[in-house]
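Tertiary structure, described
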Amino acid sequence: MIVCVSVVGHQNNPLYIQSFTDADDALKLHHVVHCSSTSSKSESGTTLNEAFLGLLYPTLNYKVYGYLTNTKVKFILVTTDLDVRDTDVRNFFRKFHAAYVDAVSNPFHVPGKKITSRTFAQTVSNIVGSYGLN
Amino acid sequence: MVYPPFSPFSLEYPPLITLSQLVLEVISEDRLLALRKRAELDSKYVLFLNHSELPLSLPRIASAFSELALAYYREEARRIKSRIEKRSSTSLDLIVRYCFKVAVYAEFRRDWGEALKFYEDAYHSLHEMIGTSTRLPAIQRLVEIKTIAELLHFKISTLLLHGGKLTEAVIWFHQHKSSYDKVVGSTEYIFLHWEWMSRQFLVFAELLEASSATVQSFSSLNQGTAQIPLTEFEFYPAYYYQLAAHYLQNKKSALELLVSMSVAAQEIDGSSESITPSVYVGQFSQLREKGEALTLHFITDEEYIRYAISEAKRFQDSFEIVAWLKKSYESFTNLKSRRMAAFCAFEIAREYFGLSDPSNAKFFFDITVNLYRQEGWVSLLWEVLGYLRECSRNLGAFKDFVELSLEMVALPVTSCDDFGNLRDKTYGPGGPATVSRRESIHREVFTLFCRETELISSTEESGFKFAIDSPLHLEIDLVSPLRPVLLASVAFHEQMIKPRSLCSITLSLLSHLPLPVEIDHLEVQFNQSTCNFVVRNSQKPLVASPSSTVQSGSQEENEPSLVLVPNNWLRLTYAIKPEKSGKLECLSVLAKLGTRFTISSRAESPAAMEDSPVWKHENYVQSLPTKDPILAVFGQKATQVEEPEPQVDVSLGASGPALVGENFTMPIVVTSKGHAVYSGELKINLVDVGGGGLFSPREAEPFSLESHHVEICGIDGAEGNDESESETGNIKKIQQSFGLVSVPNLKEGESWSCKLEIKWHRAKPVMLFVSLGYLPQGSEANAQKVHIHKSLQIEGKMPLVINNRFMLPYRRDHLLLNRIKPAPDSEDISSLPLNEKSVLVVSAKNCTEIALKLMCMSIELDDEQGKTSCLIQQGGGGGETSGSANLAPGEEFKSNTVSVLPKSEHVLSYKLVPLTCGQQQLPKITLTSVRYSAEFQPSTIASSVFVFPSAPQANSTAK
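Described in the following lines is the structure provided in the data block. Computed from a predicted model, the values in this text were never measured in an experiment.

Our next topic: the overall build of chain B. Of regular secondary structure, chain B possesses 23 helices and 43 strands. Looking at chain B alone, contacts between residues at least 24 apart form 72% of all its contacts between residues at least 6 apart. When the accessible surface of chain B is totalled, it reaches about 49,200 Å², and 53% of it is carbon and sulfur.

What follows is the structure in structure tokens.
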């Protein structure tokens, strides 16, 4: 189950962070997302010139995956699943990237500012809901 | 001597018999052979030792022992392995035991592969025992299994790491953790599980740290398998130390909960004393007295739990946690993993906070908070600031408390749901990051320092008893985290203003505090303190509070209200009248809130203003600091106040171009035309005009230092103003390209002059800069100098060119000397016949635009050589030399001067009779004119002449 998704700016600042859990661990997830962007993979990207960064950071209860766009904006996915298929994560990030591009293409969105679009939040919720169903 | 290798003696493992040489002397060799055959001993197990050669024999004994031991262990292992294979015992615990034995024997034989295999077998068999074994009471059964699993895991990890199999070791640890992660046992006593888990991570961290297989580069490692992907963190001990600390934290809190809830836990200490670890790994037993003998008995789970709790209570887990986290923090810092290091620092700080050690907690919270501020992680920042705020309260640091509270309330926390739905119930002491919480902290802090004096005594509940009475002043600069509390933007409406005339200035204040704040008064400070002014809030009573920045009697403005509404600019425009010329800059804006609280915010130009790191990514409606959009984009907090118009004239009385070699005189006249002149200083600069541009004096200096082509020779002082000169100190500094002269005090209408002497060594144009600085109103303390600048370009010219030529005597009657034109090959005649007359023609050509008044022109010989080298006669005279005079007197004019018109030449001719053969130097030619004198000494090649002997007289001699 996906418990948190986040968009992190190129100064490692949070642009969007949403957790999907009722448990009292939202703050913990913020810590997890913050720490995960410290790995060398997330800072330099992969050598294969690929957007998908793979597993970034293993915590006790979560797995953190990353994705780096061409504009050096990072997407972070936190899941509680033990067995995660790479293809599922890749598919998720592909959809998420498309939703992000739509959100920042809004003429009222100022680049570099936090994403506050409700449509984006709804799209992200749908993508998270459909994760792993295929 | 006979060494039985193992007891009981067995023929399968023959004894090693060493016989000393002495035995051989007593017993015959045949008898020994018979004895050996009788005992069925192989000859290699019977060694003869010579005591004198004992050191040489020892390796033989060692190898024999080793061979025997290996054989024994191999055989033992084989025997036990056969039992495992036969599955003669279905009991899993026996299988574990057998596998362990075989593995240990394999280790003895250094057969690491087999050791690893059997340890792993033991480990897997052990795991199967979970839930199946009934040998011990439930809790103790699991404790035993986990203890043995830990031992086996330790063995396996050590073997893998020693073999350099780092990735395999990490994967193995991963599996080990996963296998036992959920094997919690009784949830009531979960602290046992957390303690065990913590130990697993700690032991692996230490193994990894001690291992020789260090991580060279993450990319070089095989990053796990498809099933178990690994990240670089999992190869660093820091990661495991951090998690060991995390599990110990779990254990600590579980134990605390258990102890607080269990009444029985209070009475455990007495009965658990006699319980000790058994000789069997992972088991515990009780020592009981039976008559006089002491016997060991199994214990019940209740007894074991009591014992475990009492043991666990003995340890100070917090210190362990802090120590491991510190290791982790240092390691991550060295690895430049700033965010992981910051997280560890946060955990350390929380632990110290729990231990009621606010100073240590503050140290580590400060490390964390800086990173969160920088990167704008508002939710995390809020949490850490909440902790820091409590630390400062506990430390009694009132100023810190107020600063941290204000920073917290000025954070962009808009609501619960807008930012990461923080429904976390495990908040820090700061509480949840919500608007209502921001508002309540805002009220708390403003009540604290804005309340009236009589209420101070009731503020003890806030933790501050004494500090609250003293005034509190906060400084906010451009990098301060408190910048969102009060942002001061200042813009002058004009970039250049006249002195003593009104200019408009717009003061814009912005606050991100959640509630409106009413300001008592504002003090605006400038670099020219006379411009400082106060803005008062009319609704507040006028309190005559002393101000260190604004002098009494300075400008005061009144506003009907001074309220900072959240996220809205408060725009105020006033007119100020600067007195002094130069830069006028607004430095800061000081806001007074209540009787004791002041905030001073550094003034910022709207053109250079940026949002603070926590606010710059926020998507909120931003308004401009000024209504005028141009001012909001280009406005500056500084302006330039012009100087008053100078009413003094400086004139440079140059006349014509300067000539090389002469002392060129430049009269400088200072005339007062309205202003009196006090403390006047005249600065003179000579600047080379090169390449069409002008060098500044400083840039030009290095070039002109080596050879000053043009230099200032002197400055003649004032004419008739000696008294006033001495009064002003008479500054007079002259360097080659720079001069400084003090100008005496002049009243209105007076004038003063001096003469500047400049000498040109080369024909170069120079720029002369003269600047006069003076005080128009005498020597007042705050008076400013008025400057007047003048410049003049002066050409330096070569006045005349002197040339010489030799001519053969036979052509003399046919030449009109005045019309001789320089031929291209004129210098070809560089040789003269000895003792024969040649004609030397010297011409001086006037190159200037003015007539040159020539006084004399002469030719001189060196005293030493000249008398013997040649003979010179005045041209046009008789053919005979005039006695012994070998020096031509030259030409003098006593109408005194002869005028040489521009572009024309004056020519003199001499008869020259060389007296010596060989290479000779030309005599020196001297010329004196009305304005200057010059000597002609051309280059060595041009002035040297070769004198050859005269034609040989061989014919006449022969006759």
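Using the criterion set out here, one finds 40 aromatic pairs over all chains in the structure. Between the aromatic rings of Phe75(A) and Tyr100(A), the centroid separation amounts to 5.2 Å while the plane-to-plane angle is 65 degrees, which identifies the pairing as edge-to-face. One end of the pair, Phe75(A), is in strand β5 (residues 74-79); the other, Tyr100(A), is in helix α3 (residues 86-104), with 25 residues separating them in the sequence. Neither Phe75(A) nor Tyr100(A) differs from the other in exposure class; each is buried. Following the ring pairs from residue to residue traces out a cluster consisting of Tyr16(A), Tyr67(A), Phe75(A), Phe92(A), Phe93(A), Phe96(A), Tyr100(A), Phe120(A) and Tyr131(A). Lys117(B) extends its terminal NZ or CZ atom over the ring of Phe118(B), reaching a point 4.4 Å from the ring centre.

This part is about the nonpolar core. One finds Val78(A), Phe191(B), Tyr304(B), Leu406(B), Leu522(B) and Phe526(B) to be the most contacted residues of the largest nonpolar core, which totals 183 residues. Sort the elements by how many residues they give to this core and helix α9 (residues 237-261) of chain B lands first, with 13 residues. Beyond its immediate sequence surroundings of up to four residues, Tyr304(B) is in contact with Ile139(B), Gln140(B), Val143(B), Leu192(B), Phe284(B) and Ile299(B). Counting 32 residues, the second-largest nonpolar core is a separate cluster that includes Val710(B), Ile712(B), Trp752(B) and Leu768(B).

All names here are of chain B. Running from amino to carboxyl end, helix α15 (residues 378-395) crosses helix α16 (residues 398-409) at an angle of 160 degrees, the nearest separation of the two axes being 9 Å. In terms of orientation, α15 and α16 fall into the roughly antiparallel class. Relative to α16, α15 is oriented so that their crossing is left-handed. Between α15, through Leu381, Trp382, Leu385, Gly386, Leu388, Arg389, Ser392 and Arg393, and α16, the contact on the second element is made entirely by Asp400, Phe401, Leu404, Ser405, Glu407 and Met408.

The next subject is the sheet that holds strand β3 (residues 52-58) of chain A. Residue and element names in this part refer to chain A. Strand order in the open sheet made by the five strands is β2-β1-β5-β4-β3, with antiparallel pairing throughout. Edge positions in the sheet fall to β2 (14-19) and β3, since each of these pairs with one other strand and no more. Ignoring which end each strand starts from, the neighbouring axes of this sheet average 15 degrees apart. Here five bridges tie strand β1 (residues 2-8) to β2, and the two strands are oriented antiparallel to one another. Residue pairing for β2: Val7 is matched across the bridge by Tyr16.

Now for the state of the cysteines. Taken as a whole and judged by the stated rule, the model has zero disulfides over all chains. Summary of cysteine pairing: Cys4(A) is not part of a disulfide, and the nearest cysteine sulfur, belonging to Cys35(A), is at 13 Å. With a relative accessible area of 1%, Cys4(A) lands in the buried category. Unpaired in this structure, Cys754(B) has its nearest cysteine sulfur neighbour in Cys713(B), at a distance of 14 Å. In this structure Cys754(B) comes out as buried when scored by relative accessible area, which is 3%.

On to the pattern of salt bridges. Tallied over the entire structure, the rule returns 31 salt bridges over all chains. With a closest N to O distance of 2.4 Å, Glu618(B) and Lys114(A) form a salt bridge. Of this pair, Glu618(B) sits in the loop between β18 (597-604) and α18 (629-634) while Lys114(A) is found in the loop between α3 and α4 (118-129), placing the two residues in two different chains. The buried category is assigned to Glu618(B), whose relative accessible area is 8%. Judged by its relative accessible area of 6%, Lys114(A) falls in the buried class.

Definitions and limits used
- Residues numbered from 1 in each chain as written.
- Chains lettered and ligands numbered in written order.
- Predicted model: local features only at pLDDT ≥ 70, side-chain atom pairs only at ≥ 80, totals over all residues.
- Heavy atoms only, no water.
- Helix = DSSP H or I, 4+ residues; strand = E, 2+ residues; numbered from the N terminus.
- Contact = heavy atoms within 4.5 Å.
- Areas by Shrake-Rupley, 256 points an atom, 1.4 Å probe, with all protein chains shown as cover.
- Phe/Tyr/Trp six-rings, centres within 6.5 Å; stacked < 30°, edge-to-face > 60°.
- Buried < 20%, exposed > 50% of the residue type's maximum accessible area, 1.4 Å probe, protein only.
- Lys NZ or Arg CZ within 6 Å of the ring centre and 35° of its normal.
- Core = buried A, V, L, I, M, F, W, Y, C linked by side-chain atoms within 4.5 Å.
- Axes fitted to C-alpha atoms, helices over the stretch in contact; angles between N-to-C directions.
- Parallel < 35°, antiparallel > 145°, perpendicular 65-115°, else oblique.
- Left-handed = near helix turned anticlockwise from the far one by under 90°.
- Pairing = 2+ DSSP bridges.
- Disulfide = S-S within 2.5 Å.
- Salt bridge = Lys/Arg side-chain N within 4 Å of Asp/Glu carboxyl O.

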